[in-house]
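# An overview of the molecular structure
Take a look at the letters that make up each chain.
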There are 2 protein chains.
Amino acid sequence: MERTNIDNQTIDLGKKFEIIYNPSSEFKGYCPIRDILDRFGDKWSIYTILQLGQTDKMRFNELKSKISGISQRMLTVTLRSLEQDGLVERTIYPQIPPRVEYRLTSLGFSLLEQMVNLGEWASTHMDEIIKARECFATKTNSQLIQSN
Amino acid sequence: MERTNIDNQTIDLGKKFEIIYNPSSEFKGYCPIRDILDRFGDKWSIYTILQLGQTDKMRFNELKSKISGISQRMLTVTLRSLEQDGLVERTIYPQIPPRVEYRLTSLGFSLLEQMVNLGEWASTHMDEIIKARECFATKTNSQLIQSN
DNA sequence: CCGTATCCAACAGGATACTG
DNA sequence: CAGTATCCTGTTGGATACGG
């Protein structure tokens, strides 16, 4: 198994790689990251998880008001999806008007920690990425100018 | 700033939360995680990053053959996107037939590390999630039966 | 209050054909 | 070899109206 070495960055992916992604087989080429990202890579899951991580429990409309821009439909869809994966727990109090509370499960909290880690990476490197985008735009523009 | 406490899990998100997501303002409510996930939360970016992390450089068709299922178009699109964000470096050797090499930048490698972390989380908790999905399906079915 | 149902626009991405 | 260009389909998610 090969090792990667660039700029004195040596990452021994060999061991980990087989765990997280095995491309050699059509059937065993299942990728857990893909599965996870298919679920919370959507538009609202992260916001929802982050919000639920701020307090121990929240009601539907409370969540809706804190996640700016989300529609009623999408909040329902998102919460069902998270509930289905065992990340969020839904408690219904049988009363009129209905009262429903949502909270992260311990699994949800462990994902939250990963999200926070990813968020810290994103915050740290966001300026590099933005610079790269600007630089790329400049390169593309100059190529366009040359081809005129 | 509130603290979250469930099952003896105390995460002090207060400090980190403001960095990674500020929902209080329409304009300052910019979320770096969202930005990042909008980029590599797509269908092919992770596979591409993982593959490029396996060797120090790869050619276009080499990549295409290793990422099973990807179309020529989507590989181009994905690589351009990653290049634009400074995660991948593209080297063109002006010869016929053309020779193009791709490699991760150091920024790309640091993202790869995050992906590996996420992948380990996913691998560790995948069985819990699958169980939760099955359990959810059972609950839903029994509700359907009751309503019949 | 907390949803569900329906309709619809926008976009991601696959198939195919063509090019320097 | 390494792409573009074009077309076309499936899915995501927003708007709106209605229901227990």
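First, a word on scope: everything that follows refers to the structure included in this document. (Residues numbered from 1 in each chain as written. Chains lettered and ligands numbered in written order. Predicted model: local features only at pLDDT ≥ 70, side-chain atom pairs only at ≥ 80, totals over all residues. Heavy atoms only, no water.)

Once that is clear, we can look at the overall build of chain A. Counting secondary structure elements, chain A contains six helices and five strands. In chain A, the succession of α and β elements from N to C terminus is β-β-α-α-α-β-α-α-β-β-α. Within chain A, buried positions represent 46% of all 148 residues. Within chain A, contacts between residues separated by at least 24 positions form 37% of all contacts whose residues are at least 6 apart in sequence. A total of about 8,100 Å² of accessible surface is found on chain A, and carbon and sulfur atoms cover 50% of it. (Helix = DSSP H or I, 4+ residues; strand = E, 2+ residues; numbered from the N terminus. Buried < 20%, exposed > 50% of the residue type's maximum accessible area, 1.4 Å probe, protein only. Contact = heavy atoms within 4.5 Å. Areas by Shrake-Rupley, 256 points an atom, 1.4 Å probe, with all protein chains shown as cover.)

Once chain A has been moved 0.0 Å along the axis and rotated by 180°, it coincides with chain B to within an RMSD of 0.1 Å. Interpreted geometrically, this transformation is the action of a two-fold axis. When each C-alpha of chain A is compared by its distance to the rotation axis, A:G41 comes out closest, at 2.6 Å. Most of the interface of chain A is mirrored in chain B, where 100% of its interface residues are also at the interface. (Least-squares fit on C-alpha atoms with pLDDT ≥ 70 in both.)

This part covers the packing of aromatic side chains. Residues and elements named next belong to chain A. Enumeration over the complete set of coordinates arrives at two aromatic pairs over all chains. Where W44 meets Y47, the ring centres are 5.8 Å apart and the plane angle is 50°; that geometry is what we call tilted. We note that W44, like Y47, is buried. Lying over the aromatic face of Y93, R99 brings its terminal NZ or CZ to 5.9 Å of the ring centre. (Phe/Tyr/Trp six-rings, centres within 6.5 Å; stacked < 30°, edge-to-face > 60°. Lys NZ or Arg CZ within 6 Å of the ring centre and 35° of its normal.)

Next up on the list: the protein's contact with DNA strand D. Taken together, 18 residues are adjacent to DNA strand D, and A:K43, A:R73, B:Q72, B:R90 and B:Y102 come closest. Near the protein, within 4 Å, the atoms of DNA strand D are sugar or phosphate in 60% of cases. Contacts to DNA strand D include B:N61, whose backbone N or O atom sits 3.1 Å from a phosphate oxygen. At 3.5 Å, a backbone N or O of B:V100 approaches a phosphate oxygen of DNA strand D. (Near = heavy atom within 4 Å. Polar contact = N/O pair within 3.5 Å; in protein donor to acceptor, adjacent residues only side chain to side chain.)

A:F40 and B:F40 are the most contacted members of the largest nonpolar core, which totals 74 residues. Apart from residues lying up to four places away in sequence, B:F40 is in contact with A:L37, A:L118, B:S45, B:I46, B:L111 and B:M115. (Core = buried A, V, L, I, M, F, W, Y, C linked by side-chain atoms within 4.5 Å.)

Let us look at the sheet that holds strand β5 (residues 99-104) of chain B. Residues and elements named next belong to chain B. With respect to topology, three strands assemble into an open sheet ordered β3-β5-β4, the strand pairing being antiparallel. Among the strands making up the open sheet, the edge pair consists of β3 (58-59) and β4 (88-93). The pairing of β3 with β5 spans two bridges and is classified as antiparallel. Opposite M58, over in β5, you have Y102 as the bridge partner. Taken strand by strand, helix α3 (residues 45-52) contacts β3, β4 and β5, and its axis lies near 95° from that of β5. Across the sheet, helix α5 (residues 72-84) is in contact with β4 and β5; its angle to β4 comes to roughly 115°. (Pairing = 2+ DSSP bridges. Axes fitted to C-alpha atoms, helices over the stretch in contact; angles between N-to-C directions.)

What follows covers the interface of chain A and chain B. Between chain A and chain B, the contact holds 70 residues from the first and 70 residues from the second. Joining chain A to chain B, the criterion identifies four salt bridges. Viewed at the interface, chain B and chain A are joined by 12 residue pairs in polar contact (both at pLDDT 80 or more). Of all elements in the fold, only β1 (4-6), β2 (9-11), α1 (13-20), α2 (32-40), α3 (45-52), α5 (72-84), β5 (99-104) and α6 (106-146) of chain A reach the threshold of two or more residues within the side of chain A that touches chain B. (Salt bridge = Lys/Arg side-chain N within 4 Å of Asp/Glu carboxyl O.)

Residue and element names in this part refer to chain A. Along the polypeptide, T138 turns up in helix α6. As a C-alpha pair, T138 and G108 span 30 residues in sequence and 42 Å in three-dimensional space. A polar side-chain atom of T138 sits 2.8 Å from the main-chain carbonyl oxygen of E134.

A separate point is the sheet that holds strand β4 (residues 88-93) of chain A. All names here are of chain A. One open sheet accounts for three strands, arranged β3-β5-β4; its pairing is antiparallel. The sheet terminates laterally at β3 (58-59) and β4, the two strands that pair on one side only. The strands touched by α3 within the sheet are β3, β4 and β5, with β5 carrying the most contacts at an inclination of about 95°. The strands that α5 touches are β4 and β5; relative to β4, the one it contacts most, it runs at about 115°.

All names here are of chain A. Bridge analysis of β4 against β5 gives six bridges, and the strand direction is antiparallel. Residue T91 lies in a different strand from β5, and its bridge partner there is E101. What sits between β4 and β5 in their antiparallel hairpin is a turn of five residues.

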